[in-house]
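# Residue-level structure breakdown
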Amino acid sequence: MTTHSNTPAGWYPDPHGAAQTLRYWDGAQWTEHTHAGQQAPAGPQVPPQTPAQAAPDARVQRQVQEQAGVAGAGTGGGSLFSEPVLVVNQKAKLIELTNEYKVFDQNGNQIGAVTEVGQSALKKILRFVSSLDQFMTHKLEIRDGYGRPVLVLTRPAKIFKSRVIVSRPDGSQVGEIVQQNVFGKINFAMNAGGQQVGAIKAENWRAWNFAIVDHAGSEVARITKTWEGLAKTMFTTADNYVLQIHYQLPDPLLSLVVATALTVDTALKQDSRGLG
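Predicted, not measured: the structure shown is a model, and the values here were computed from it.

## With respect to unusual backbone geometry
- Here the amide bond leading from D251 into P252 is cis, since omega sits at 5 degrees, within 30 degrees of zero.
- The topology assignment puts P252 in the loop between strand 15 (240–245) and helix 4 (253–269).

Here it is in structure tokens:
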């Protein structure tokens, strides 16, 4: 994939999933300027560089259908905010110094990525020689298929309960995902604008699977952890998740739900490895 600095300024399809809407990219970040219609306005426009597309990954298809039990989810729009199923697979490493994930659609096409940013050399050394990872601040960028950041996740340093701040690339805050308890089945509240707009509820004490509900308690999405295989489980740090969104959601709930698959991993996996 290209990096966001390689994408020239111009009008591109809205990465937040708005139908038939173009949003202006100023060369470094998304702006608040939008334009209705599927075609860019008159004038010389340079399209974004199309990333090289690998063949669909059959392993991801099996992960969705056989391990997560998701079938017939419908056709999405090809972006992180318009696909009904997102598959989040962490890059397998013997020693994890930087959190990295690939994001696929249900057919195995990579449509995004997540990478940790802003780490100093000292922090990487501490992660290598100690188990202090969970007490450090972590910042991750969720990037679209062109390598452009669409969401930024910041998990401040914590002792017991995690809090993840979800923001746009321009720094405007979408909301927060806040851990509610330490013992038993882990629950998170999704807050925006000073109000709780949803929640993430673990269905077992190992926090393998989560139901995501709206403010009224109705399930709107589901996270299923899929087994990465015995070798990866025992000898690497890789974790894999399938996020199924039941229907198109409004913002800010949609952005918070998309962020949850990453939030669950950074909030809980830093504390313990094991098989769960």
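## Describing the pattern of salt bridges
- In the structure shown here, the tally under the stated rule is 6 salt bridges.
- For E141, the salt bridge is made with R143, and the minimal N-O distance between the two is 2.8 Å.
- The exposure class of R143 is partly exposed, given its relative accessible area of 21%.
- Sharing partners across several salt bridges, the network here consists of E203, E219 and R222.

## Description of the sheet that holds strand 8 (residues 149–155)
- The 12 strands are arranged 4-5-6-7-8-9-10-11-12-13-14-15 in a closed barrel whose pairing can be described as antiparallel. This sheet shows a mean twist of 20 degrees between the axes of neighbouring strands, independent of strand direction.
- Relative to strand 14 (residues 219–226), strand 13 (residues 209–214) runs antiparallel, the two sharing 5 bridges. Among the inter-strand pairings, F210 is bridged to a residue of strand 14, identified as I223.

## Some remarks on the environment of Q196
- Looking at where Q196 falls in the secondary structure, it is placed in strand 12 (residues 195–202).
- Its relative accessible area of 46% is what places Q196 among the partly exposed residues.
- As a C-alpha pair, Q196 and E176 span 20 residues in sequence and 9.3 Å in three-dimensional space.
- If near-sequence neighbours (up to four positions away) are discounted, Q196 is found in contact with A189, M190, N191 and H215.
- Side-chain polar atoms of Q196 contact the backbone oxygen of G198, separated by 3.1 Å.

## Notes on the confidence of the model for the protein chain
- Put simply, the protein chain has an average pLDDT of 75, and 67% of its residues get 70 or more.
- Taken as a whole, residues 92–97 scores under 50 in pLDDT and shows 21 contacts with residues more than four places along the chain or in a different chain.

## Description of empty space enclosed by the protein
- Summed over all chains, the structure comprises 2 cavities of 30 Å³ or more.
- By volume, the largest cavity is sized at about 50 Å³.
- Taken together, L80, L86, V88, V103, I142, V258 and L262 make up the lining of the largest cavity.
- Of all the secondary structure elements, the ones that give two or more residues to the lining of the largest cavity are strand 4 (85–90) and helix 4.
- Per-class residue counts for the lining of the largest cavity are 7 nonpolar, no polar and no charged.

## Some remarks on the environment of T31
- With respect to the secondary-structure elements, T31 resides in strand 3 (residues 30–36).
- Setting aside anything within four residues of it in sequence, one finds T31 in contact with R23, Y24 and D26.

Analysis parameters
Residues numbered from 1 in each chain as written. Predicted model: local features only at pLDDT ≥ 70, side-chain atom pairs only at ≥ 80, totals over all residues. Heavy atoms only, no water. Helix = DSSP H or I, 4+ residues; strand = E, 2+ residues; numbered from the N terminus. Salt bridge = Lys/Arg side-chain N within 4 Å of Asp/Glu carboxyl O. Buried < 20%, exposed > 50% of the residue type's maximum accessible area, 1.4 Å probe, protein only. Pairing = 2+ DSSP bridges. Axes fitted to C-alpha atoms, helices over the stretch in contact; angles between N-to-C directions. Contact = heavy atoms within 4.5 Å. Polar contact = N/O pair within 3.5 Å; in protein donor to acceptor, adjacent residues only side chain to side chain. pLDDT = per-residue confidence, 0-100. 1 Å grid on protein atoms, 1.4 Å probe; cavity = no way out; pocket = protein on both sides within 12 Å on 5 of 7 lines; lining within 4 Å. Points joined across faces, edges and corners; volume = space filled by probe spheres on them. Nonpolar A, V, L, I, M, F, W, Y, C, P; charged D, E, K, R; others polar.

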